[in-house]
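Structural overview
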Amino acid sequence: GIGYPTRPEFKAITDAEELENLRTKWGIEPHEIPILVSMGKNGVGTLEKIYDELANLPAHDWKFIFICGKNEELKTKLQNKLSSNPANQFVLCDF
């Protein structure tokens, strides 16, 4: 396919039970639309800017899933911002 290669964890999910389990794991409500945000190791500053912009959007049904990779500094910075933003709109994870 076209685009960046993705790990098997990001495959299309066709099994309803597996999808429900992942929604539960990541705290994604049935009405929320998950959006994956990832910039790779070179997009750290950009990822923070994107987070800040998304945090200021009006109310919506999107749940942004930020991939922080192994960058603990980035994950900590974004976790600290969660306290001042509606935390239910964001999920931070590492892979």
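A quick note: this is a predicted structure, and the numbers were derived from the prediction, not measured. (Residues numbered from 1 in each chain as written. Predicted model: local features only at pLDDT ≥ 70, side-chain atom pairs only at ≥ 80, totals over all residues. Heavy atoms only, no water.)

Two faces, one strand: in a regular strand the side chains alternate between the faces of the sheet. Of the two faces of strand S3 (residues 90–93), the one lined by Phe-90 and Leu-92 and the one lined by Val-91 and Cys-93 are each fully buried. With four bridges connecting them, strand S2 (residues 62–67) and S3 associate as parallel partners. When the sheet's bridge partners are listed, Ile-65 is paired in S3 with Val-91. (Buried < 20%, exposed > 50% of the residue type's maximum accessible area, 1.4 Å probe, protein only. Helix = DSSP H or I, 4+ residues; strand = E, 2+ residues; numbered from the N terminus. Pairing = 2+ DSSP bridges.)

Turning our eyes to something else, we now look at the nonpolar core. Among the nonpolar cores identified, the biggest contains 13 residues, and Val-37, Tyr-51, Leu-54, Phe-64, Phe-66, Leu-78 and Phe-90 are the most heavily contacted of them. Broken down by secondary-structure element, the contributors of at least two residues to this core are helix H2 (44–55), S2, helix H3 (72–82) and S3. Per-element tally for this core: the top contributor is H2, with four residues. For Phe-90, the residues in contact, after removing those within four places along its chain, are Tyr-51, Leu-54, Ala-55, Lys-63, Phe-64, Phe-66 and Leu-82. In terms of nonpolar packing, the next biggest core, distinct from the first, is built from five residues, Ile-28, Ile-65, Ile-67 and Val-91 among them. (Core = buried A, V, L, I, M, F, W, Y, C linked by side-chain atoms within 4.5 Å. Contact = heavy atoms within 4.5 Å.)

This brings us to the sheet that holds S3. Taking strand neighbours across the sheet as the criterion, the three strands line up as S1-S2-S3 in an open arrangement whose pairing is parallel. Where the open sheet ends on each side, the last strands, each with one partner, are strand S1 (33–37) and S3. This sheet shows a mean twist of 20° between the axes of neighbouring strands, independent of strand direction. Sheet topology places S1 next to S2; five bridges connect them, and they run parallel. (Axes fitted to C-alpha atoms, helices over the stretch in contact; angles between N-to-C directions.)

The subject of this paragraph is the pattern of salt bridges. For the structure shown, the criterion picks out three salt bridges. Of the charged contacts, one joins Lys-63 and Glu-32 as a salt bridge, the two residues approaching to 3.7 Å between their closest N and O atoms. Placement of the pair is Lys-63 in strand S2 and Glu-32 in the loop between helix H1 (16–25) and S1, with a sequence separation of 31 residues. No difference in accessibility class separates Lys-63 from Glu-32, as the two residues are buried. (Salt bridge = Lys/Arg side-chain N within 4 Å of Asp/Glu carboxyl O.)

Moving on: the packing of aromatic side chains. A full pass over the atoms with the stated rule returns five aromatic pairs. Between Tyr-51 and Phe-90, the ring centres sit 4.4 Å apart and the planes meet at 35°, which makes this aromatic pair tilted. Placement of Tyr-51 in helix H2 and of Phe-90 in strand S3 is noted, with a sequence separation of 39 residues between them. Assigned by exposure class, Tyr-51 and Phe-90 land together as buried. Members of the aromatic cluster, each reached through a chain of ring pairs, are Tyr-51, Trp-62, Phe-64, Phe-66 and Phe-90. (Phe/Tyr/Trp six-rings, centres within 6.5 Å; stacked < 30°, edge-to-face > 60°.)

In this structure Glu-32 comes out as buried when scored by relative accessible area, which is 8%. A polar contact of 2.7 Å, which involves the side chain of Glu-32, links it to the backbone nitrogen of Glu-29. (Polar contact = N/O pair within 3.5 Å; in protein donor to acceptor, adjacent residues only side chain to side chain.)

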